[in-house]
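A closer look at the structure
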Amino acid sequence: AQKITQTQPGMFVQEKEAVTLDCTYDTSDPSYGLFWYKQPSSGEMIFLIYQGSYDQQNATEGRYSLNFQKARKSANLVISASQLGDSAMYFCAMREGPDTGFQKLVFGTGTRLLVSP
Amino acid sequence: DAGITQSPRHKVTETGTPVTLRCHQTENHRYMYWYRQDPGHGLRLIHYSYGVKDTDKGEVSDGYSVSRSKTEDFLLTLESATSSQTSVYFCAISDQGAAEAFFGQGTRLTVV
């Protein structure tokens, strides 16, 4: 069965520093997708970044990058140059199967990031 | 922002009463999902839909039913609400060829 593990309940970082949020996954399906979502205190779920299992390069979206290490089954989120607005809960999620449109997701328990001035 | 509207946004109900949550989309996306979010569990999938009148169970479907009679609407029903169903409920949509799912604003349900 697919599973996502986020071992860091909380992380602290100073403004303008980089931070890495850990995510490991378990699946027997060779085709899968990995996602990161941000949930600010207002409660909405905001899509940040996606990595497909067959993608050769790590995904990047602005200040977000996904450090994909397939052999280790890890998909860590790196936020460069943290901003106060990055303070939020961050969820790692996985989709099994090749259909990129069908997003039946399994989520980790989340990491709460606090950015200090 | 993706056009997803959940209603109601907040609801308090009594144990044993039926409750229906509505998810409405204006994106004409094929797939729709209902998740619940609880502390220590992240989000867990309750039910999902492949299209009109085509639904299936997720990880935590006991006590819930769904219906999708139109592409734009996906209803989640708690036939007889229990305190364990106190949670925040999220609707999500996705479409063929798209990498991500878009989430609604969430509905906070309290069963007393």
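Being a predicted model, the structure only gives us computed values, none of them experimental. (Residues numbered from 1 in each chain as written. Chains lettered and ligands numbered in written order. Predicted model: local features only at pLDDT ≥ 70, side-chain atom pairs only at ≥ 80, totals over all residues. Heavy atoms only, no water.)

Across its full length, chain B carries 0 helices and 11 strands. Here the C-alpha radius of gyration of chain B, 13 Å, is about what a compact globule of 112 residues would show, namely 13 Å. Along the first, second and third principal axes, the C-alpha atoms of chain B reach 40 × 30 × 25 Å. Out of the 112 residues in chain B, the part that is buried amounts to 49%. For chain B, contacts bridging at least 24 residues in sequence account for 55% of all contacts bridging at least 6. Summed over all atoms, the accessible surface of chain B reaches about 5,200 Å², with 45% contributed by carbon and sulfur. In chain B, 11 positive and 13 negative side-chain charges are present, and the distance between their average locations comes to 4 Å. (Helix = DSSP H or I, 4+ residues; strand = E, 2+ residues; numbered from the N terminus. Rg over C-alpha atoms; globule rule 2.2 N^0.38 Å. Buried < 20%, exposed > 50% of the residue type's maximum accessible area, 1.4 Å probe, protein only. Contact = heavy atoms within 4.5 Å. Areas by Shrake-Rupley, 256 points an atom, 1.4 Å probe, with all protein chains shown as cover. Lys, Arg positive; Asp, Glu negative; His and termini not counted. Charge placed at Lys NZ, Arg CZ, Asp CG, Glu CD.)

Residues and elements named next belong to chain B. Going residue by residue along strand S3 (residues 19-25), you find Val19, Leu21, Cys23 and Gln25 tucked away on one face and Thr20, Arg22 and His24 left uncovered on the opposite face. When S3 meets strand S8 (residues 73-78), the two strands line up antiparallel, connected through 6 bridges. Residue pairing across strands places Arg22 opposite Leu75, the latter belonging to S8. (Pairing = 2+ DSSP bridges.)

All right, on to the pattern of salt bridges then. Residue and element names in this part refer to chain B. Under the definition given, this model contains 6 salt bridges over all chains. The partner of Asp38 in a salt bridge is Arg44, and the shortest N-O contact between them spans 3.0 Å. Each member of the pair, Asp38 as well as Arg44, is classed as buried. A salt bridge links Lys70 to Asp73; its shortest N-O distance comes to 3.3 Å. (Salt bridge = Lys/Arg side-chain N within 4 Å of Asp/Glu carboxyl O.)

This part covers the state of the cysteines. A complete count under the given rule lists 2 disulfides over all chains for this structure. Here Cys23 of chain A connects covalently by a disulfide to Cys92 of chain A, the sulfurs 2.0 Å from one another. On the sign convention where negative means left-handed, the S-S torsion of about -65° between Cys23 of chain A and Cys92 of chain A marks this disulfide as left-handed. Taken together, the residues span a long stretch of sequence, with Cys23 of chain A in the loop between strand S3 (19-21) and strand S4 (24-26) and Cys92 of chain A in strand S10 (residues 88-96) at a distance of 69 residues. Both residues of the pair, Cys23 of chain A and Cys92 of chain A, belong to the buried class. In this model Cys23 of chain B forms its disulfide with Cys91 of chain B; the gap between the sulfur atoms is 1.9 Å. Between Cys23 of chain B and Cys91 of chain B the disulfide shows an S-S torsion of about -70°. By sign, it is left-handed. Of this pair, Cys23 of chain B sits in strand S3 while Cys91 of chain B is found in strand S9 (residues 87-94), placing the two residues 68 residues apart along the sequence. Taken individually, Cys23 of chain B and Cys91 of chain B each receive the classification buried, so the pair is uniform in this respect. (Disulfide = S-S within 2.5 Å.)

The next thing to look at is the sheet that holds S3 of chain B. Residue and element names in this part refer to chain B. The strand order S1-S3-S8-S7 describes an open sheet built from 4 strands, whose pairing is antiparallel. The sheet is open, and its two edges are formed by strand S1 (4-7) and strand S7 (64-70), each paired on a single side. Going across the sheet, the axis of each strand differs from the next one's by a mean of 15°, ignoring polarity. (Axes fitted to C-alpha atoms, helices over the stretch in contact; angles between N-to-C directions.)

Between chain A and chain B, the residue contacts involve 19 residues of the former and 22 residues of the latter. For the pair chain A and chain B, the summed buried surface comes to about 1,700 Å²; carbon and sulfur atoms form 60% of the total. The interface formed by chain A and chain B contains 6 residue pairs in polar contact (both at pLDDT 80 or more). Looking at the side of chain A that touches chain B, the elements that each hand over two or more residues are strand S5 (32-39), strand S6 (46-52) and strand S11 (105-107) of chain A. Of the residues forming the side of chain A that touches chain B, the biggest block, 3 residues, is contributed by S5 of chain A. Grouping the amino acids of the side of chain A that touches chain B by side-chain chemistry returns 9 nonpolar, 7 polar and 3 charged. (Buried area = accessible area lost by both parts, 1.4 Å probe. Polar contact = N/O pair within 3.5 Å; in protein donor to acceptor, adjacent residues only side chain to side chain. Nonpolar A, V, L, I, M, F, W, Y, C, P; charged D, E, K, R; others polar.)

What follows covers the environment of Gly106 of chain B. All names here are of chain B. For Gly106, the position within the fold is in the loop between strand S10 (102-103) and strand S11 (107-111). Gly106 sits in the buried class, given a relative accessible area of 4%. A sequence separation of 71 residues divides Gly106 from Tyr35, and the C-alpha atoms of the two residues are 9.4 Å apart.

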